[in-house]
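Chain by chain, the residues:
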Amino acid sequence: MIKAGAGVARSSVVMGREEEPTIFSFSSSDHNPVKLRNTNVPSHDVGNEIPAAYLRSEHLPLPNVSERDVTAHFTRLTHRQYAVDLGAYPLGSCTMKYNPKMCDAVSALARFEGAHPNTPTEFVQAWLQVLYELEQALCEVAGMSGVTLQPAAGAAGELTGLLMMQAYHEAQSNPRKTIIIPDSAHGTNPASVTLGGYQTITVPTNDHGLVDVEALKKVVDEDVAGMMLTNPNTLGLFEQEIAKIAEIIHDAGAIMYYDGANLNAILGKCRPGDMGFDIVHMNLHKTFAVPHGGGGPGAGPVGVTEKLVDFLPGPRPIKIDDHYDWMTPSKSIGRVHGWHGNSLALLRAYSYILLNGSDGLRDVSERAVLNANYLRTKLRDSYDIPFDTTCMHEFVVSASSIKKETGVKAFDIAKALLDHGFHAPTMYFPLIVEEALMIEPTETESLETLDELAVALNAIATEASTPEGAESIRTAPHLTPVGRVDEAQAARALILTDDHPST
Ligand SMILES: *Cc1c(COP(=O)(O)O)cnc(C)c1O
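Source: prediction; values computed, not measured.

Conventions and cut-offs
- Residues numbered from 1 in each chain as written.
- Predicted model: local features only at pLDDT ≥ 70, side-chain atom pairs only at ≥ 80, totals over all residues.
- Heavy atoms only, no water.
- Salt bridge = Lys/Arg side-chain N within 4 Å of Asp/Glu carboxyl O.
- Helix = DSSP H or I, 4+ residues; strand = E, 2+ residues; numbered from the N terminus.
- Buried < 20%, exposed > 50% of the residue type's maximum accessible area, 1.4 Å probe, protein only.
- Axes fitted to C-alpha atoms, helices over the stretch in contact; angles between N-to-C directions.
- Parallel < 35°, antiparallel > 145°, perpendicular 65-115°, else oblique.
- Left-handed = near helix turned anticlockwise from the far one by under 90°.
- Contact = heavy atoms within 4.5 Å.
- Nonpolar A, V, L, I, M, F, W, Y, C, P; charged D, E, K, R; others polar.
- Pairing = 2+ DSSP bridges.
- Near = heavy atom within 4 Å.
- Polar contact = N/O pair within 3.5 Å; in protein donor to acceptor, adjacent residues only side chain to side chain.

### Considering the pattern of salt bridges
1) Next: According to the stated counting rule, one finds 20 salt bridges in the structure shown.
2) Next: Salt-bridge contacts for Asp 85 lead to Lys 101; the nearest nitrogen and oxygen are separated by 2.8 Å. In this pair, Asp 85 is assigned in the loop between helix H3 (67–78) and helix H4 (101–107) and Lys 101 in helix H4, connecting sequence segments 16 residues apart.
3) Next: Residue Asp 85 is classed as exposed on the basis of its relative accessible area of 51%.
4) Next: Overall, Lys 101 belongs to the partly exposed group, its relative accessible area being 41%.
5) Next: Note that Glu 487 and Lys 415 form a salt bridge whose closest N and O atoms lie 2.9 Å from each other. Taken as a pair, Glu 487 in helix H18 (residues 487–492) and Lys 415 in helix H15 (residues 410–419) lie far apart in primary sequence, 72 residues in all.
6) Next: Among the residues examined, Glu 487 registers a relative accessible area of 40% and is labelled partly exposed.
7) Next: Salt bridges sharing partners connect three or more residues here, namely Glu 140, Arg 271 and Asp 274.

As structure tokens, then:
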């Protein structure tokens, strides 16, 4: 079946070193697709139920492949991937850390996994208890009074927070127009602001990589609905003047929003609520244990302080005596998810919280910060580090000098790292650093792995200093199943079948 020509070892095909054809090339009319036994369920003539205008006149050209070959094809494809379970994935901001398998096991328990979200509450008390207790735990972690578990990701949480902000200002008969965001913010922040019907005002970062408070004062007026602040910011630095910023924003009658996507930096150490924030979204898929990436389900619950609790989406789980039920807050902005959120992601996160306990969660953030600082100091001699002070869970290096001297760019370094068996860091973000590589080792990597990662990154910088080395890096990766692709075209002109590039 596999087109392993003469001289190509079968193992190299199976291990993903050879080209894998698309599923269409395995298709053949004499393959038996899965046969289901006769179930005695009467088959309906679809033609009677679907108007003729909506029926196809020809069969869809789907491949006809046996189950056995489908399994082999997709299993071979998985061998051509890099994944968190294979090794370090130092993606800054997007926090890809190893997730304990126990959390998967809990979320796969049949009684949780099998429950329909519309089951009457008396039959799913355990599910409601999990959601209720998770809300309590997140309130404790973030210093908030109430939480919605519905938002399906960080960006969905941002929009939810902004809609609550809007409802709050409207309830005060004082609708406002703008949201302030630092120039180091994650791209989802301004996108959510636009979706929420507001306009973005950008404040610059000062020489220390922190919000420029004097510049902030100049843009605050009575049209400002709120400020969205990422902390630690995308340079991996803890904002030093949050108390002062909160005072300026609150004096203008506006709301403080905490982008808590990377809460793994501060767990058990400090809380957005205690710093003066009114709203915080938490990426459970970056902070706790929820696999993500590739569009997989995440969860972006949003916590609010007392003055916003009535605006939370509903229904929320409540506890009355020993019984759990649903209730919708009095001024709720409504639903932001079809049911109760990505519930199995929520269950994973809650199992992670219980697994660690409060001391364990504090250890998580201490280790995340220690690992990042350790790696940062190991890279000092090879890379520019624009804000080379104690960082939180991540840091940003720049390949600016390397580029000037050798022509090798941050992009090339990221590609070359793949040949060393690591995933690439985040590149060209934050936008305020030239040739940025944003590195987050996370708390899950061992000292040995951090050393290996440092050796690899330093070796690439050294290799770049000779013309042959630089050329090799500019054409990397050389050892992965797929080498350099045209980054722009690869995402726009997907080749989904052997002979039909999509348009
Ligand atoms: C990841 C991230 C987001 C967006 O979260 P998604 O779950 O990807 O929508 C927002 N802000 C920051 C700082 C992030 O790192």
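Next comes the rest of the description.
### Overview of the packing of helix H13 (residues 343–379) against helix H16 (residues 447–463)
1) Next: At their nearest, the axes of H13 and H16 sit 10 Å apart, and the two run at 30° to each other. Regarding the angle of H13 to H16, the classification is roughly parallel. The crossing of H13 and H16 is right-handed. Mapping the contact onto sequence places Asn 371, Tyr 374, Leu 375, Lys 378 and Leu 379 in H13 and Leu 447, Leu 450, Asp 451, Leu 453, Ala 454, Leu 457 and Asn 458 in H16.
2) Next: Its residues assigned to classes, the contact of H13 with H16 comprises eight nonpolar, two polar and two charged.

### Focus on the sheet that holds strand S6 (residues 279–282)
1) Next: The seven strands lie next to each other as S1-S7-S6-S5-S4-S2-S3, forming an open sheet whose pairing is mixed. Strands at the two margins of the open sheet, each flanked by one partner only, are strand S1 (146–148) and strand S3 (199–203). Neighbouring strand axes in the sheet, compared pairwise and without regard to direction, differ in orientation by 25° on average.
2) Next: Here three bridges tie strand S2 (residues 178–182) to strand S4 (residues 224–230), and the two strands are oriented parallel to one another. Within S4, the residue paired with Thr 178 across the bridge is Val 224.
3) Next: Those strands touched by helix H6 (residues 125–142) are S1 and S6, and its axis lies near 120° from that of S1.
4) Next: Here helix H8 (residues 188–195) sits on the sheet in contact with S2, S3, S4 and strand S5 (255–260), set at roughly 175° to S2.

### So, the packing of H6 against H13
The packing of two helices is summarised by the inter-axis angle and the distance between the axes.
1) Next: Two elements in contact, H6 and H13, have axes separated by 10 Å at closest approach and are oriented at 60°. The angle between the axes of H6 and H13 places the two elements in the oblique class. Crossing of H6 over H13 shows left-handed handedness. Where H6 approaches H13, its residues Trp 127, Val 130, Leu 131, Glu 133, Leu 134, Ala 137 and Leu 138 are matched on the opposing element by Ser 343, Leu 344, Leu 346, Leu 347, Tyr 350 and Ile 353.
2) Next: Across the contact of H6 with H13, the residue classes tally to 11 nonpolar, one polar and one charged.

### Let's talk about the site of the ligand
1) Next: Neighbouring residues of the ligand: 14 residues in total, closest Ser 93, Gly 154, Asp 259, His 285 and Lys 286.
2) Next: Taking Asn 283, its side chain carries an N or O atom lying 3.0 Å from an oxygen atom of the ligand.
3) Next: His 285 places a polar side-chain atom, nitrogen or oxygen, 2.7 Å from an oxygen atom of the ligand.
4) Next: In terms of residue count, the dominant contributor to the shell around the ligand is helix H7 (residues 154–171) (three residues).
5) Next: When its residues are assigned to classes, the shell around the ligand shows three nonpolar, eight polar and three charged.

Function cannot be read off these values alone, since they describe shape.
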